[in-house]
Amino acid sequence: MTELGPLPEEWRVVRLGEVFDIQQGKALSRKKDKGLRPRPFLRTANVFWGRLDLSNLDQMDFSEEEEKKYALKPGDLLVCEGGDVGRTAIWEGQLKNVYYQNHLHRLRAKSQDVEPRVVMYWMQASMTLLGLYLGTSNKTTIPNLSRSRLASFAIPLPPLPEQRAIAYVLRTVQESKEATERVITVLRELKKSLMRHLFTYGPVPVDAIERVELQETEIGPLPAHWRVVRLREVVEKAKQVDPRKKPDWNFKYVDVSSISNTKLSIETWSEISGENAPSRARKLVKEGDIIFATVRPYLKRIAMVPAHLDGHVVSTAFCVIRCKAELATPNYVFFAVSLDNFVQRVVEQQRGSSYPAVTDKDVLNGLIPLPPLSEQREIARILRSVDEHIEAEEKKKTALEALFRTLLHHLMTAKIRLTEEFVARFAEVTP
C-alpha cells in the first residue's frame, strides 16, 4: 500500500522533482516580440494531452544565453502551468531551434532509469481519470501550477523495462487513433472533391469528363441534359401538428441543437409527452425527410430523418423537405442542399442580427441541379458509400479512444500487468 494506492512491490513511488529537473520558460514580453534574434516558441496553446500542435508558433526575441537555457531536447516533457493545468506532452525534436515560454514547465529526466513518456501518460491518467493532485493549482484569478507544487507530485515508477513496455503499448494505441483520424480527414477531402465532380459532370469517370457536354447555368456549369429547378418544384408539403392537444402522446422531438453540422446527422433527441411539448414542436416528419435549419443557416445543420424517427416531431426552426418520388430521390436532394453554394445562397436571404434566420420559403426557393432519376440514384450511391466509410472509421476511432482510456487507467495503476515475456523485450532498447 502506497500513498497512490496499492502498487506492485517492485514499483517505487517518487516525487517528480527527484527524477526530473524542472524549469519554467522565458517570460513573454511585448517589447521582445520583434528583435534581432526572433525565435519560435511553445506556449500552452501548443500543448495537448500526449501531443504537440506545431502548426502555429509565435515568435519572441531570445538572446544567445537564453537560447542555451531554454533549448529543448528530445525526451523533454512540457507541462502546462496554466490553462488546462497539468496538461503534458513530450518533445521529440520535431523542429530545430524551438523554445518555450514561462507558462510551461520543462521536465528533463535526471537519470536513465526514467522513461519520460510513461510519466507523460501518468500525468494524463492522474489528472483526467484518477482525480489526483486536485487543489494543486494556485487559487488565483488564473489557476496555475507552481514549480514547487509540481515537483512535489508523487508518481509511480515501475522498473525501467516495464516503463518502456507500458509506454510502447499506450503509444501504439495512440498512433492507431491518429492514423484513423488521418484516414477520416482524407475521406472528407475525397468527399468534397467528389461533390464538386459529381455536381458538375455527373456520375462519370474522371477520364470521361471531356466527353460530357456542359451548359452554363445560374448555379454554374452542368451537364446539358440536366435541369435547374427551384427546390419547391420537387417537394411536397409536410404536415404540422400540435402535440399539446394530445397530452398523453409520447414522442421523440428533434431541435436544432440535435444536429451535427460535421456529420450532417441527427445525434440526439428528446423523449417528451404532448403536455410538456415546447411550442416549437410542430412539424411531423417521415423517414427520408430532409430537415434544414432555418435559424443561423450558415451553421449548416442539415440531416435526413432515419427510420426510428418516422412519425415523430421536429422544431419549427427546420424546413422539412419531403421529395416527390416521381421527380427526386431523398438521398440525392440531401446532398444537393448540403452543397456549400446552395447553403450560401440561402444564407444571403437571412434577416436579423441577434437571431439571424431565413424562412421555409427562402429554402424552398433555392435552386438545385436536377439530373434524371437514374443519375440521382448513382450520385447518391457514390456519396453514401464514402459516408459509410467515414462512419466506419469514426466508430473505429471511438473504439480506440475507449481502449486507450481503459489501458491508461489500468496500466498506470497496475490493475493490468503486461506479461513478463513482453516486458523482457524492452530490457535493452527503448522503443
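You'll find the structure just up there.
(A) Focus on the overall build of the chain. The helix and strand inventory of the chain stands at 10 helices and 25 strands. Here the C-alpha atoms of the chain give a radius of gyration of 28 Å, more than 25% beyond the 22 Å that 2.2 N^0.38 yields for 431 residues. Along the three orthogonal principal directions, the C-alpha set of the chain runs to about 75 × 60 × 50 Å. Taken over 431 residues, the chain has a buried fraction of 48%.

(B) Quick look at the pattern of salt bridges. On inspection of all chains with the given rule, the structure shows 29 salt bridges. Among the salt bridges present, the one from Glu10 reaches Arg417, with a minimum N-O distance of 2.8 Å. With a gap of 407 residues between them, Glu10 in the segment before strand E1 (12-15) and Arg417 in the loop between helix H9 (373-412) and helix H10 (420-424) connect regions that are remote in the sequence. Glu10 gets classed as partly exposed once you look at its relative accessible area, which sits at 43%. Relative accessible area serves as the criterion here: at 36%, Arg417 is assigned to the partly exposed category. Among the salt bridges present, the one from Arg12 reaches Asp113, with a minimum N-O distance of 3.5 Å. Here Asp113 lies in the loop between strand E10 (104-109) and helix H3 (116-130) and Arg12 lies in strand E1, a separation of 101 residues in the sequence. Judged by its relative accessible area of 40%, Arg12 falls in the partly exposed class. The network of salt bridges with common partners includes Glu10, Glu162 and Arg417.

(C) Spotlight on the packing of helix H5 (residues 160-201) against helix H6 (residues 330-337). Where H5 contacts H6, the axes come no closer than 11 Å and their chain directions differ by 105°. With respect to their mutual orientation, H5 and H6 come out roughly perpendicular. Contact residues: H5 offers Lys191, Met195 and Phe199, while H6 offers Tyr332, Phe335 and Ala336. Looking at side-chain class alone, the contact of H5 with H6 contains 5 nonpolar, no polar and 1 charged residues.

(D) Up close: the sheet that holds strand E22 (residues 302-304). Spatially, E15-E24-E21-E22 is the arrangement adopted by the 4 strands of the open sheet, whose pairing is antiparallel. Strand pairing shows two members of the sheet lacking a second neighbour, strand E15 (235-236) and E22, which therefore form its edges. Bridge analysis of strand E21 (residues 290-293) against strand E24 (residues 318-323) gives 4 bridges, and the strand direction is antiparallel. Residue pairing across strands places Ile291 opposite Val320, the latter belonging to E24.

(E) Region of interest: the packing of H6 against H9. For the pair H6 and H9, interaxial distance at closest approach is 8 Å and the crossing angle is 70°. Relative to H9, the element H6 is oriented roughly perpendicular. On H9, the residues touching Asn331, Tyr332, Phe334 and Phe335 of H6 are Gln376, Ile379, Ala380, Leu383, Arg384 and Asp387.

(F) Highlighting the sheet that holds strand E23 (residues 313-315). Strands sit in the order E19-E16-E23-E20 across an open sheet of 4 strands; the sheet is mixed. Both edges of this open sheet fall to strand E19 (270-273) and strand E20 (281-284), since each of them pairs with a single strand only. Direction aside, the axes of adjacent strands within the sheet are offset by 45° on average. Bridging between strand E16 (residues 250-254) and E23 involves 2 bridges; their strand directions are parallel. Paired with Val254 across the two strands is Val314, which belongs to E23.

(G) Fine view of helix H7 (residues 340-347). Of all the residues in H7, the buried ones are Phe342, Val343, Val346 and Val347. Each buried residue of H7 lies within a common arc of 140° when the element is viewed along its axis, so the set occupies one face. Contacts made by the buried residues of H7 are with E21, E22, H6, helix H8 (360-364) and strand E25 (367-370).

(H) Local environment of the environment of Lys263. With respect to the element layout, Lys263 can be found in the loop between strand E17 (259-260) and strand E18 (265-266). Overall, Lys263 belongs to the partly exposed group, its relative accessible area being 46%. Between the C-alpha atom of Lys263 and that of Arg301, which follows or precedes it by 38 residues, the distance is 9.4 Å.

(I) Fine view of the side chain of Lys283. Tracing the sequence through the fold places Lys283 in strand E20. Excluding residues within four positions of it along the chain, Lys283 makes contact with Lys239, Gln240, His312, Val313, Val314, Ser315, Thr316, Phe318, Cys319, Val320 and Asp360.

(J) A look at the nonpolar core. By size, the foremost hydrophobic cluster in this structure holds 45 residues, and its most contacted members are Leu16, Phe20, Leu150, Ile155, Leu170 and Met412. Of all the elements, H3 adds the most residues to this core, at 7 residues. Counting 39 residues, the second largest nonpolar core, distinct from the first, contains Leu231, Met304, Cys323 and Phe334.

(K) Representation of H3 within the structure. Taking 1.5 Å of rise per residue, the 15 residues of H3 would be expected to cover 21 Å, and the 20 Å separating its terminal C-alpha atoms lies within 8% of that figure. For H3, every residue scored as buried is listed here: Pro116, Arg117, Val118, Val119, Met120, Tyr121, Trp122, Met123, Gln124, Ala125 and Ser126. Gly131 sits one or two residues past H3 and shows a positive phi near 70°.

Conventions we followed
- Residues numbered from 1 in each chain as written.
- Predicted model: local features only at pLDDT ≥ 70, side-chain atom pairs only at ≥ 80, totals over all residues.
- Heavy atoms only, no water.
- Helix = DSSP H or I, 4+ residues; strand = E, 2+ residues; numbered from the N terminus.
- Rg over C-alpha atoms; globule rule 2.2 N^0.38 Å.
- Buried < 20%, exposed > 50% of the residue type's maximum accessible area, 1.4 Å probe, protein only.
- Salt bridge = Lys/Arg side-chain N within 4 Å of Asp/Glu carboxyl O.
- Axes fitted to C-alpha atoms, helices over the stretch in contact; angles between N-to-C directions.
- Parallel < 35°, antiparallel > 145°, perpendicular 65-115°, else oblique.
- Contact = heavy atoms within 4.5 Å.
- Nonpolar A, V, L, I, M, F, W, Y, C, P; charged D, E, K, R; others polar.
- Pairing = 2+ DSSP bridges.
- Arc of directions from axis to C-beta.
- Core = buried A, V, L, I, M, F, W, Y, C linked by side-chain atoms within 4.5 Å.
- Expected span 1.5 Å × (residues − 1).

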